[in-house]
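Structure assessment
These are the residues of each chain, in order.
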Amino acid sequence: MAIIENSSRIIVALDFPSAEPALDLVSALDPTLCRLKVGKEMFTRFGPSFVEKLVGKGFDVFLDLKFHDIPNTVAAACAAAADLGVWMINLHASGGRRMMEAARDRLDSLSHRPHLIAVTILTSLGQEDIAEAGFAGTPAENVIRLAKLAESSGMDGIVCSPLEARDVRSVVNSDFLLVTPGVRPNQAALGDQLRVMTPSDALKNGADYLVIGRPITAAPDPLQSLQDILTEIGIK
Ligand code: C5P
């Protein structure tokens, strides 16, 4: 497979209930202009072969399975994900230091080493939700604490809201990756996302990669929509 120079900061979230429309969309996209994210729904329905198909088409794939289990199990799951040839994988920082270090150590022993990033506090959780689950402090305070824990446990970055990116960036190293969903180009419908930012504002706030789904996947012309976003952020 050719090595593709991909400097794109856009990760297109493939959230489809069947494989065909996802593959139709993928054939309209260009692996030099974007990366792809496969989450729990598509992975559970279509499995490793679907992921390998995307990798085989030359795309960098973020396998968004958010692992959270005992250290040995998560380390083994990360190794299995790495074997699919994906570019990025993730786990929950709340699984703790030993879980994150076990995953990192296992990946470090492999020849193909995907980026390993951590989810801090899911953006769907509010103050009452985290208090009920036993977390003291505000969601923002917990994001900062878990981001520092993720960095000191050897993670390559975290997933966070673009609204949190500036505060997180101020407490982590500049090479620590910030991956932000909840991004909407100005004119795009919000869908079920409430706390959003435009692509250029998310980047200004310190995000490295932007996860964007429906503004591209549900657009009449997905490639044009991607190109419009790249223009907005001044890449193309
Ligand atoms: O269509 P949309 O742009 O809202 O898609 C965003 C993607 O990012 C979805 O795959 C969603 O599951 C994911 N995501 C999110 N918010 C988070 C974490 C992941 O929207 N906090």
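Scroll up to find the structure.
Quick summary incoming for the structure in this document. (Residues numbered from 1 in each chain as written. Predicted model: local features only at pLDDT ≥ 70, side-chain atom pairs only at ≥ 80, totals over all residues. Heavy atoms only, no water.)

Our next topic: the packing of aromatic side chains. Under the counting rule described, the total for this entry stands at 2 aromatic pairs. Between the aromatic rings of Phe46 and Phe50, the centroid separation amounts to 5.9 Å while the plane-to-plane angle is 55 degrees, which identifies the pairing as tilted. Within this pair, Phe46 and its partner Phe50 are both found in helix H2 (residues 40-56), separated by 4 residues, close to a single helical turn. Residue classification places Phe46 among the partly exposed positions, given a relative accessible area of 24%. Centre to centre, the rings of Trp87 and Tyr209 are 5.0 Å apart; their planes meet at 85 degrees, and the pair counts as edge-to-face. Placement of Trp87 in the loop between helix H3 (71-83) and strand E4 (88-92) and of Tyr209 in strand E8 (residues 209-212) is noted, with a sequence separation of 122 residues between them. The same class applies to Trp87 and to Tyr209, which are both buried. (Phe/Tyr/Trp six-rings, centres within 6.5 Å; stacked < 30°, edge-to-face > 60°. Helix = DSSP H or I, 4+ residues; strand = E, 2+ residues; numbered from the N terminus. Buried < 20%, exposed > 50% of the residue type's maximum accessible area, 1.4 Å probe, protein only.)

Here the structure, examined in full by the defined rule, presents 9 salt bridges. A salt bridge links Asp60 to Arg35; its shortest N-O distance comes to 2.9 Å. Highlighted residues: Asp60 in the loop between H2 and strand E3 (61-67) and Arg35 in strand E2 (residues 35-38), separated in sequence by 25 residues. With a relative accessible area of 22%, Asp60 lands in the partly exposed category. The class for Arg35 is buried, based on a relative accessible area of 5%. (Salt bridge = Lys/Arg side-chain N within 4 Å of Asp/Glu carboxyl O.)

Our focus in this paragraph is the site of the ligand. Every residue close to the ligand is listed here: Ala13, Asp15, Lys37, Thr123, Pro181, Arg184, Gln193, Val211, Ile212, Gly213, Arg214 and Pro215. Between the ligand and Thr123, the relevant distance is 2.5 Å, taken from a nitrogen atom to a side-chain nitrogen or oxygen of the residue. Separating an oxygen atom of the ligand from a backbone N or O atom of Gly213 is a distance of 2.7 Å. Computed on the free molecule, the ligand has an accessible area of 460 Å², of which 80% lies beneath the protein chains in the complex. Its atoms largely coinciding with the cavity grid, the ligand occupies the largest pocket. The set of elements that each furnish at least two residues to the shell around the ligand consists of E8 and helix H9 (214-217). (Near = heavy atom within 4 Å. Polar contact = N/O pair within 3.5 Å; in protein donor to acceptor, adjacent residues only side chain to side chain. Areas by Shrake-Rupley, 256 points an atom, 1.4 Å probe, with all protein chains shown as cover. 1 Å grid on protein atoms, 1.4 Å probe; cavity = no way out; pocket = protein on both sides within 12 Å on 5 of 7 lines; lining within 4 Å. Sits in = over half its atoms within 2 Å of the grid points.)

Core analysis: the largest hydrophobic core is formed by 65 residues, its most contacted members being Ile10, Leu14, Phe50, Leu54, Leu63, Leu91 and Ile158. In this structure, Phe50 is in contact with Leu14, Ala19, Ala22, Leu23, Val38 and Met42, ignoring residues within four places of it in sequence. The next biggest cluster of nonpolar side chains, apart from the first, holds 12 residues, and it includes Phe62, Met88, Val119 and Val159. (Core = buried A, V, L, I, M, F, W, Y, C linked by side-chain atoms within 4.5 Å. Contact = heavy atoms within 4.5 Å.)

Another aspect to go through is H3. For H3, which comprises 13 residues, the first-to-last C-alpha distance of 18 Å matches the rise-based estimate of 18 Å (1.5 Å per residue) to within 8%. All of the buried residues along H3 are Val74, Ala75, Cys78, Ala79, Ala81 and Ala82. Along the axis of H3, the buried positions cluster into a sector of 160 degrees, meaning they face one direction only. Exposed residues on H3 whose side chains face more than 90 degrees from its buried face are Asn72 and Asp83. Looking at the buried positions of H3, the neighbouring elements they touch are E3, E4, helix H4 (97-108) and strand E5 (115-119). Where H3 terminates, the next one or two residues include Gly85, which has phi positive at roughly 85 degrees. (Expected span 1.5 Å × (residues − 1). Arc of directions from axis to C-beta.)

Here we come to H4. Given a rise of 1.5 Å per residue, 12 residues ought to cover 16 Å, and the 16 Å separating the end C-alpha atoms of H4 matches this to within 8%. Of all the residues in H4, the buried ones are Met99, Met100, Ala103 and Leu107. Along the axis of H4, the buried positions cluster into a sector of 95 degrees, meaning they face one direction only. In this structure, the buried residues of H4 make contact with E3, H3, E4, E5 and helix H6 (139-152).

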